[in-house]
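Read off the chains here:
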2 protein chains.
Amino acid sequence: MPADRPTIADVAQRAGVSKGLVSFALNGRPGVSPQTRDRILEAARDLGWQPSVRARALSVNRAFALGLVITRDPEIVTGDPFYPSFIAGVERELAPAGQALVLSVVPDEEAELAAYRKLVADRRVDGVFLTDLRHDDARIELARELNVPAVTLGHPETSSPFPAVSMDDRAGIEAAVEHLVRLGHRRIAHVAGPARMLHGSRRRRAFEEAMARAGLRAEMVVETDFRAADGARATRDLLARPNYPTAIVYANDPMAIAGLGVAQRAGLRVPDELSITGFDGSDVGEHIFPALSTVATDAVSWGAVAARVLLRSIAGEQPGDTDLPAARFVPRESTTRSPEPNPRADV
Amino acid sequence: MPADRPTIADVAQRAGVSKGLVSFALNGRPGVSPQTRDRILEAARDLGWQPSVRARALSVNRAFALGLVITRDPEIVTGDPFYPSFIAGVERELAPAGQALVLSVVPDEEAELAAYRKLVADRRVDGVFLTDLRHDDARIELARELNVPAVTLGHPETSSPFPAVSMDDRAGIEAAVEHLVRLGHRRIAHVAGPARMLHGSRRRRAFEEAMARAGLRAEMVVETDFRAADGARATRDLLARPNYPTAIVYANDPMAIAGLGVAQRAGLRVPDELSITGFDGSDVGEHIFPALSTVATDAVSWGAVAARVLLRSIAGEQPGDTDLPAARFVPRESTTRSPEPNPRADV
DNA sequence: GACGGCGACTAAACCGGTATAGGCTTCAGC
DNA sequence: GCTGAAGCCTATACCGGTTTAGTCGCCGTC
């Protein structure tokens, strides 16, 4: 029968000291003589002692874990390139800090709030990530009410007591529009994310402003739910209009790839007859034909920075807002000169 | 100042009984009179008492959480349709059972073993999922050594003390090959996953056997790492051969989509000049042109069943192996008759 | 009336750490 | 030689539950 894992009491006994002193020594606190400290550490090593996170959690009232709630229809979550990379970045920070990541995946916004409540009520986590911010996002008020540290991905609209880690996605959209305008496009459409989501409407506004700056009317905007099927439907809709676009700016890559499929199916040559751009740079977009021009966001470092900020919040610091390097437009093959004669003076 | 959250002692005091009895009443154990039980439950309700998972974890020596370690290069994890769906399925079982999911994402196999060790040493989890099984998978021995309940996705090669939850992916590959053979294809290639991974080599063997059954030689097989870039490279390689294939069976969808890109770039019409099939059904594959014929696996129920089995293991039952419905081949547009005259008698 | 047995309940130990009050030495200072 | 303070250490309470040993009162039985 294998011996039970040693506890701090076993270490104390072996080193001939009290439990309390062992705790002090192991946590590197003052008030322990060097010889005793060595003896204790040696005893701990000999016994193969490992601290019990459970016991520590109970006594110091911390969970040593962070919570992430992902709200997605199970069907949609597939193919979304953001979360896996984001989580990889989070993990990069958490592992060395001895923290764990507790993940919840829920189907809708109601279940989402319940999931946060549960995570906090069970004291499973010390802080939470708030991703995919929406207008009047109830989670901010909830986190405040639950008195749990949080970090938001992007600046919420309503005033928030939590630090924000943001990545300017407007710049990428603007660069995409400018790129298309420079190529002579005038009838540029946007397949937007859901308006209730902050990044959905923000990208849309960035699109509209960039169009306005170019002296163009942003009259072709279709709102979607970020799904590939939505991208296909929106594209069919746009191409059926009498004044169909010569270029489409999609709010994410899966929709752009689906849109490409629709265009090709309709017999349009991309990019010669229709230019398209994506967002968020999935690796598959790089390999389709034509390779997808897109806006690259660094989800991995977003995750890493957000985790770091959240850990600092939990530690009692008051980290300020952080702005990550802006998303970059990456021109590839799916964008080229407008097929139409360009009435404007060109560069 | 808001009152601290109530503990079991507060409930006991309000109900005028001892802590122990409260615990009994709340856990529905015998030895509590009906009236007292009601009084206790009412007191708990009045105070808004919620059990502390931490305290329970310490006293009953359980974590009330399950562990999942995902081993992926952060770049690759993107675009992989399996895990998000699998996790959604897991969550579906865990949430009602009051369990949480602790997720680790690590870059390589060495870090993977360390992550399992850490999860168990910290007593963060009561059981672990073993996904993406490999040949001579060290994790099985490790889990046995750590004495932690586990469930494997698929049957490992080495003998394993853990229940397996399997989905026959061979059937899907075989159906794909048979479908292609029926369409007159003879030079069928396979872009396989890594040989060290069980499902990589199993799908490859299924391919080879299906080919043999059709009287064909499986001479065009390229091993890859499941990445879109690998799929592109493998396709370029295959198409450059003197005896290039008329059909390619890919081990996953991202590679198939990348392969489609390569073929189109080379001026090949798909499916007329080259048929392709994917695996695992990403939603984007449905919307590209031509729509990708693929093998649909139900990752969501795989997750749900695996979670259920693992929970039963932890509860001390000895659940047997489970076989889920086999993966189904879903023909769409990317497969059609072979462009070559078919010497064989056709149906 | 003593006894046994049972149901309802309490007190206290326990899980494995941390935190705190206080005790014992030792040494400097007067 | 006495006092005070610093340094090192112990004992103990505590976190919030679960669990076990044991107490108490009541009933039926002989």
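Note that the structure is a prediction, hence the values are computed from the model and not measured.

Engineer: Pulling in residues and values, what's your account of the domain arrangement of chain A?
Structural biologist: Residues and elements named next belong to chain A. The domain boundaries assigned to chain A delineate domain 1 (8-51), domain 2 (65-168 + 299-325) and domain 3 (170-296). Once you take the C-alpha centre of each, domain 2 and domain 3 turn out to be 28 Å apart. Residue-level contacts link 14 residues of domain 2 with 12 residues of domain 3. For the pair domain 2 and domain 3, the summed buried area comes to about 1100 Å², and 58% of that belongs to carbon and sulfur atoms. Inspection of the domain 2/domain 3 interface yields one salt bridge. Inspection of the domain 2/domain 3 interface yields seven residue pairs in polar contact (both at pLDDT 80 or more).

Engineer: Help me get a handle on the packing of helix H4 (residues 53-60) of chain A against helix H4 (residues 53-60) of chain B, residues and values and all.
Structural biologist: One way to put it is that H4(A) packs onto H4(B) with a least axis distance of 9 Å and a crossing angle of 140°. Taken together, the axes of H4(A) and H4(B) lie oblique to each other. Two packed elements cross with a definite hand, and for H4(A) against H4(B) that hand is left-handed. Here A:Arg54, A:Ala55, A:Ala57 and A:Leu58 of H4(A) lie close against H4(B), whose contacting residues are B:Arg54, B:Ala55, B:Ala57 and B:Leu58. Per-class residue counts for the contact of H4(A) with H4(B) are six nonpolar, no polar and two charged.

Engineer: A description of the UniProt feature "domain: HTH lacI-type" (unreviewed entry) in chain A should follow, citing residues and the corresponding values.
Structural biologist: Taking the numbering used here, the UniProt-annotated feature "domain: HTH lacI-type" (unreviewed entry) corresponds to residues 6-60 of chain A. With 69% helix and 0% strand, residues 6-60 of chain A has its two end C-alpha atoms placed 20 Å apart.

Engineer: Could you give an account of the protein's contact with DNA strand C, naming the residues involved and the relevant values?
Structural biologist: Residues in contact with DNA strand C amount to 25 residues; listed here are only the nearest, A:Ile8, A:Ser23, A:Arg29, B:Ser18 and B:Thr36. Within 4 Å of the protein, atoms of DNA strand C come from sugar and phosphate in 68% of cases. Here a phosphate oxygen of DNA strand C sits 3.2 Å away from a polar atom, N or O, in the side chain of A:Asn27. At 3.5 Å from a phosphate oxygen of DNA strand C is found a main-chain nitrogen or oxygen belonging to A:Ser52. Elements with a minimum of two residues in the surface near DNA strand C: helix H2 (19-26) and H4 of chain A together with H4 of chain B. Classifying every residue of the surface near DNA strand C by side-chain character gives nine nonpolar, 13 polar and three charged.

Engineer: Outline the interface of chain B and chain A, supporting the account with residue identities and numerical values.
Structural biologist: Contacts between the two partners involve 57 residues from chain B, matched on the other side by 57 residues from chain A. Of the roughly 4900 Å² buried between chain B and chain A on both sides combined, carbon and sulfur atoms contribute 56%. By the criterion of area lost to chain A, the three top residues of chain B are B:Arg54, B:Arg124 and B:His287, representing 16% of everything that side buries. For the pair chain B and chain A, the number of links is four salt bridges. Of the charged contacts in the structure, one is a salt bridge between B:Glu333 and A:Arg265, with a shortest N-O distance of 2.6 Å. Remark: the boundary between chain B and chain A carries 18 residue pairs in polar contact (both at pLDDT 80 or more). Secondary-structure elements contributing two or more residues to the side of chain B that touches chain A are H4, helix H5 (74-77), helix H6 (82-94), strand E2 (100-106), helix H11 (228-240) and helix H12 (253-265) of chain B. Counting residues per element, the side of chain B that touches chain A draws most heavily on H12(B), at seven residues. Grouping the constituent residues of the side of chain B that touches chain A by class yields 32 nonpolar, 12 polar and 13 charged.

Scoring rules and cut-offs
- Residues numbered from 1 in each chain as written.
- Chains lettered and ligands numbered in written order.
- Predicted model: local features only at pLDDT ≥ 70, side-chain atom pairs only at ≥ 80, totals over all residues.
- Heavy atoms only, no water.
- Domains from an automatic or database assignment.
- Contact = heavy atoms within 4.5 Å.
- Buried area = accessible area lost by both parts, 1.4 Å probe.
- Salt bridge = Lys/Arg side-chain N within 4 Å of Asp/Glu carboxyl O.
- Polar contact = N/O pair within 3.5 Å; in protein donor to acceptor, adjacent residues only side chain to side chain.
- Axes fitted to C-alpha atoms, helices over the stretch in contact; angles between N-to-C directions.
- Helix = DSSP H or I, 4+ residues; strand = E, 2+ residues; numbered from the N terminus.
- Parallel < 35°, antiparallel > 145°, perpendicular 65-115°, else oblique.
- Left-handed = near helix turned anticlockwise from the far one by under 90°.
- Nonpolar A, V, L, I, M, F, W, Y, C, P; charged D, E, K, R; others polar.
- UniProt positions renumbered as here; feature names shortened; annotations may be inferred.
- Near = heavy atom within 4 Å.

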